[in-house]
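Spelled out, the chains give:
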Amino acid sequence: MGDTFIRHIALLGFEKRFVPSQHYVYMFLVKWQDLSEKVVYRRFTEIYEFHKMLKEMFPIEAGDINPQNRIIPHLPAPRWFDGQRVAESRQGTLTEYYNALMSLPVKISRCPHLLNFFQVRPDDLKLPTDSQVKKPETYLVPKDKSITDITGPIILQTYRAIADFEKTSGSQMALATGDVVDVVEKSESGWWFCQMKTKRGWVPASYLEPLDSPDETEDPEPNYEGEPYVSIKAYTAQMEDEVSLQEGEAIEVIHKLLDGWWVIRKNDITGYFPSMYLQKSGQDIAQAQRQIKSRGAPPRRSSIRNAHSIHQRSRKRLSQDTYRRNSVRFLEQRRRQAPPGPRRAGSPRPVGEQPQTERAKPQPAVPPRPSADLILHRCSESTKRKLASAV
């Protein structure tokens, strides 16, 4: 068993709390060497004290002896009074600080001081009780946006478990039918990070349903133009509406569903495939492969037995016949609109078009036959007399 260390630290956002008095804490998702993921809460004053101690432990790297040797990042001191605006503005600073810290030499990025600071504490597991008059307000950092663009205050979405779920790792959270959870993060992998009273962990989205509506309105519309992806792990279809792929195959994703089972297209064939086994073309697959080892693909809703929904009608999903029909229609339209020219290797050939080797080669143009007067004009006098006597 190798040494304990932290692989990555991600800032999820911050919370405004009111017990025992109003204060702010930052939410960090800490990914450890054993692929476990823990959420911890730290005040900025704690973070700054950690920073000062780190500088004392490594005076050379902190620039105390020679400022030119400093590699430990800077961190501004806390203010006398920290309000919401200050808490928001610090998120960019903290993200840059910990990204820089984790890229330092191992003696700093894996030192016991750093590891102990991010160990899970009892307070990290102590969620607000229902008896509290005013519950915390959670502000999350939206994905694909500037770090200063903060949502909130927001009320975490509430979902209900439709069946029992037994966790298979320490980072997951077990569920019983009817449990109500708050969703902190919805991952494209189909694993959602949830909290319920004193428990937190990853839960498959297929086991959850919204309380207010049976339809998952957050699912985007299908994109039949498709996005190029590559399979990073082989998968054999278990159901008729799924697709089997070998590792390294190139496909197109036409519908990204939140439960982690995306609709993909391979040539003219469409079907479900676990998104955890896909990676965008041209991107590093190392991080995605680590996630596969951590949790694997979530189960599908159709594979859950004894599922009990509180809604009279279930969520409406497009059938694979609809996906295939619309996809083929789009491909035919794209082929008709494509300008003539050399095609990419492996691209489908338009209907009715012959291969390049089978096409008829262009024949040279046949010159027009000269007239009789022109022939006589070009002949010699003796030839003209012979022709005249023959006539």
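Going along each chain's sequence as written, the residues are numbered from 1 onward. Only residues with pLDDT of 70 or above have their local features reported here, since the model is predicted, and side-chain atom pairs are shown and tallied only from 80 upward, although totals for entire chains, interfaces and linings are computed over all residues. Calculation of side-chain values draws on the structure's entire complement of heavy atoms; hydrogens and water are dropped beforehand.

Chemist: I'm lost on the overall build of the chain in this one. Help?
Modeler: From N to C terminus, the chain includes eight helices and 14 strands. Burial classes: relative accessible area under 20% of the type maximum marks a residue as buried, over 50% as exposed, and values in between as partly exposed (1.4 Å probe, protein chains only). For the chain, the proportion of its 391 residues judged to be buried stands at 40%. In this description, contact between two residues means that some pair of their heavy atoms is separated by no more than 4.5 Å. Considering only intrachain contacts with a sequence separation of at least 6, the fraction spanning at least 24 residues in the chain is 60%. Each helix is a run of DSSP H or I of at least 4 residues and each strand a run of E of at least 2, with the numbering of both proceeding from the N terminus.

Chemist: In this structure, what is going on with the pairing of strand S5 (residues 157-161)? I would like to understand it.
Modeler: Two faces belong to every sheet, and in a regular strand the side chains alternate between them. Paired strands are those between which DSSP finds at least two bridges. Sheet topology places S5 next to strand S6 (residues 180-186); four bridges connect them, and they run antiparallel. Bridged to Tyr 159 within S6 is Val 181. In this structure, S5 lies alongside strand S9 (residues 208-210), joined through three bridges in antiparallel fashion. Considered in S9, the bridge of Arg 160 is made with Glu 209.

Chemist: Can you walk me through the nonpolar core in this structure?
Modeler: Among soluble globular proteins, nonpolar side chains are generally buried collectively. Put simply, a nonpolar core is a bunch of buried Ala, Val, Leu, Ile, Met, Phe, Trp, Tyr and Cys residues held in one set by side-chain atoms that sit within 4.5 Å of each other. Counting 48 residues, the largest nonpolar core has Leu 175, Val 181, Trp 192, Cys 194, Leu 208, Ile 264 and Leu 278 as the members making the most contacts within it. Ranked by the residues each element gives to this core, the list is headed by strand S7 (residues 191-196), at five residues. Among the nonpolar cores identified, the runner-up in size contains 33 residues, and Ile 9, Tyr 24, Trp 32 and Leu 101 belong to it.

Chemist: Would you take a moment to explain the side chain of Glu 15 for this structure?
Modeler: On the secondary structure map, Glu 15 appears in strand S1 (residues 6-17). Counted as a polar contact is a pair of N or O atoms within 3.5 Å, where, for protein atoms, one must be capable of donating a hydrogen and the other of accepting one, and residues adjacent in sequence contribute only when both atoms are in side chains. In this structure the side chain of Glu 15 is engaged in a polar contact, spanning 3.1 Å, whose partner is the side chain of Arg 17. For Glu 15, the residues in contact, after removing those within four places along its chain, are His 23, Tyr 24, Val 25, Met 27, Tyr 41, Pro 136, Glu 137 and Thr 138.

Chemist: Please clarify how the sheet that holds S5 should be interpreted in this entry.
Modeler: The strands making up a sheet associate through backbone hydrogen bonding, with each pair oriented either parallel or antiparallel. The five strands are arranged S8-S7-S6-S5-S9 in an open sheet whose pairing can be described as antiparallel. The strands lining the two open edges of the sheet, one partner per strand, are strand S8 (199-204) and S9. Looking at each pair of strands side by side, their axes are set apart by 45° on average, direction ignored. The angle between two axes is taken between their N-to-C directions and runs from 0 to 180 degrees, where each axis is a line fitted to C-alpha atoms and a helix contributes only its stretch in contact.

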